[in-house]
Amino acid sequence: MFNYLMRIEYDGTKFVGWQYQKNGTSIQEKIEKSLYKIFKKKIRIVGAGRTDKGVHASGQHANFKIEKKINDKEKFLNSINFFLHKDSITIISIKSRSLNFHSRHSAKERVYKYYIINRIGLLSLDKNRAWHIKKKLNLNIMKKGGKILEGTHDFSTFRASSCSAKSAVKKINSVRISKIKDKISITFKSKSFLQNQVRSMVGCLEKLSSDKWDLEKFKKVLQSKKRSNCAPPAPAHGLYLDNVRY
């Protein structure tokens, strides 16, 4: 038996998310169907992160086990990407891993990026790939809000009602916010996140940076541990699973 880890890039716009859903097509389903075409047998892949509907990835990871060794990895990549390219899914690389490796459980850190385009003009190149906000945002106070989120907290405020995590206590290793021209990039690093956590945090950072909330209000929302106090989550199309570190 052999175990392989793939790094995956995809545009999540037309998918119901990473994981199988009854109400539409998932990225997992598309990749597994492509693997079936290559190996002529059903293969189940395990993703490192269960991205939601409309969320993108530049560094999703998934592993699968198979009895047959892949001798020519370049040929494998060319073959599987031939089947996937029309769906805007790309397998960037494939590597051998030990049999006990698990793409989700073996992860030491996950990196998510959220992009905001802060300008009056509508989006063309970044349509469905960033959150368009016309009102000028205060980057300095957004960065102060990001610092408040760092460290270990009970993130119940930012947790979706359907989240299956055993605990809402998570450690955010870092929140980095930068701006180049009119594009704001917010990078979150943690071993794991709650369902909807990143988009919910960004929604609250938008309230803060657009002067609808002050820092005291932002802190109280976090400390309240009440979902009802959370701002509406930021749109899915601005979120990217950027990388998974092992």
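Below or above, wherever it landed, is the structure these notes cover. In this text the structure is predicted, and so the values were computed from the model without any measurement. (Residues numbered from 1 in each chain as written. Predicted model: local features only at pLDDT ≥ 70, side-chain atom pairs only at ≥ 80, totals over all residues. Heavy atoms only, no water.)

1. Some thoughts on the nonpolar core
So, step 1. In terms of nonpolar packing, the biggest core is built from 67 residues, with Met 6, Ile 31, Phe 64, Phe 76, Ile 116, Ile 186 and Phe 188 touching the most fellow members.
So, step 2. In terms of residue count, helix H4 (residues 197–209) provides more of this core than any other element does, six residues in total.
So, step 3. With residues near it in sequence (within four places) discarded, Ile 186 still touches Tyr 112, Lys 113, Tyr 114, Ile 116, Met 142, Val 175, Arg 176, Ile 177, Val 202 and Leu 205. (Core = buried A, V, L, I, M, F, W, Y, C linked by side-chain atoms within 4.5 Å. Buried < 20%, exposed > 50% of the residue type's maximum accessible area, 1.4 Å probe, protein only. Helix = DSSP H or I, 4+ residues; strand = E, 2+ residues; numbered from the N terminus. Contact = heavy atoms within 4.5 Å.)

2. Comments concerning H4
So, step 1. Between its first and last C-alpha, H4 extends 18 Å over 13 residues, near the 18 Å set by a 1.5 Å rise per residue.
So, step 2. Burial analysis of H4 places 12 of its 13 residues in the buried class, the great majority of the element.
So, step 3. Of all the positions in H4, only Gln 197, Val 198, Arg 199, Ser 200, Met 201, Val 202, Gly 203, Cys 204, Leu 205, Glu 206, Leu 208 and Ser 209 are classed as buried.
So, step 4. A positive backbone phi angle near 65 degrees is found at Asp 211, which sits one or two residues after H4. (Expected span 1.5 Å × (residues − 1).)

3. Thoughts on the layout of surface pockets
Empty pockets left among the atoms are what a rolling probe the size of a water molecule brings to light.
So, step 1. Computed from the structure, the largest pocket encloses a volume of approximately 1000 Å³.
So, step 2. Along the wall of the largest pocket there are 35 residues; nearest its centre are Arg 50, Arg 104, Phe 193, Leu 194 and Gln 195.
So, step 3. When contributions to the lining of the largest pocket are tallied by element, the ones reaching two or more residues are strand E5 (109–118) and H4.
So, step 4. Of the residues belonging to the lining of the largest pocket, the class tally is 12 nonpolar, 14 polar and nine charged.
So, step 5. Roughly 170 Å³ of internal volume is contained in the second largest pocket.
So, step 6. Every residue lining the second largest pocket is listed: Ile 38, Phe 39, Lys 68, Lys 69, Ile 70, Asn 71, Asp 72, Lys 75, Phe 76 and Ser 79.
So, step 7. When contributions to the lining of the second largest pocket are tallied by element, the ones reaching two or more residues are helix H1 (27–39) and helix H2 (73–84). (1 Å grid on protein atoms, 1.4 Å probe; cavity = no way out; pocket = protein on both sides within 12 Å on 5 of 7 lines; lining within 4 Å. Points joined across faces, edges and corners; volume = space filled by probe spheres on them. Nonpolar A, V, L, I, M, F, W, Y, C, P; charged D, E, K, R; others polar.)

4. Describing the side chain of Gln 197
So, step 1. By secondary structure assignment, the location of Gln 197 is in helix H4.
So, step 2. Excluding residues that lie within four positions of it along the chain, Gln 197 makes contacts with Phe 155, Phe 158, Lys 170 and Ile 172.

5. Re the packing of aromatic side chains
So, step 1. Tallied over the full model, the rule gives 11 aromatic pairs.
So, step 2. With a centroid separation of 5.4 Å and an interplanar angle of 75 degrees, the aromatic rings of Phe 82 and Phe 83 are classed as edge-to-face.
So, step 3. Judged by its relative accessible area of 59%, Phe 82 falls in the exposed class.
So, step 4. On the basis of relative accessibility, which here comes to 24%, the residue Phe 83 falls in the partly exposed class.
So, step 5. What links up through ring pairs into an aromatic cluster is the set Tyr 4, Phe 39, Phe 64 and Phe 76.
So, step 6. Over the face of the ring belonging to Phe 101 we find Arg 97, whose NZ or CZ atom lies 5.7 Å from the ring centre.
So, step 7. It is Lys 183 that lies over the ring of Tyr 115; its NZ or CZ is 4.6 Å from the centre. (Phe/Tyr/Trp six-rings, centres within 6.5 Å; stacked < 30°, edge-to-face > 60°. Lys NZ or Arg CZ within 6 Å of the ring centre and 35° of its normal.)

6. With respect to the environment of Leu 208
So, step 1. Mapping Leu 208 onto the fold places it in helix H4.
So, step 2. Linking Leu 208 and Asn 138, residues 70 residues apart in sequence, is a C-alpha distance of 8.2 Å.
So, step 3. Those residues in contact with Leu 208 that lie beyond four places of it in its chain are Ile 141, Gly 145, Trp 213, Asp 214, Leu 215 and Phe 218.

7. Remarks on the pairing of strand E10 (residues 239–245)
So, step 1. In terms of residue burial, E10 counts as a mostly covered element, since five of its seven residues are buried.
So, step 2. One ladder, built from two bridges, connects strand E3 (residues 56–66) with E10; its direction is parallel. The residue bridging His 56 from the neighbouring strand is Tyr 240, located in E10.
So, step 3. Pairing of E5 with E10 involves six bridges; the strand directions are antiparallel. The partner of Tyr 112 across the bridge, within E10, is Leu 241. (Pairing = 2+ DSSP bridges.)

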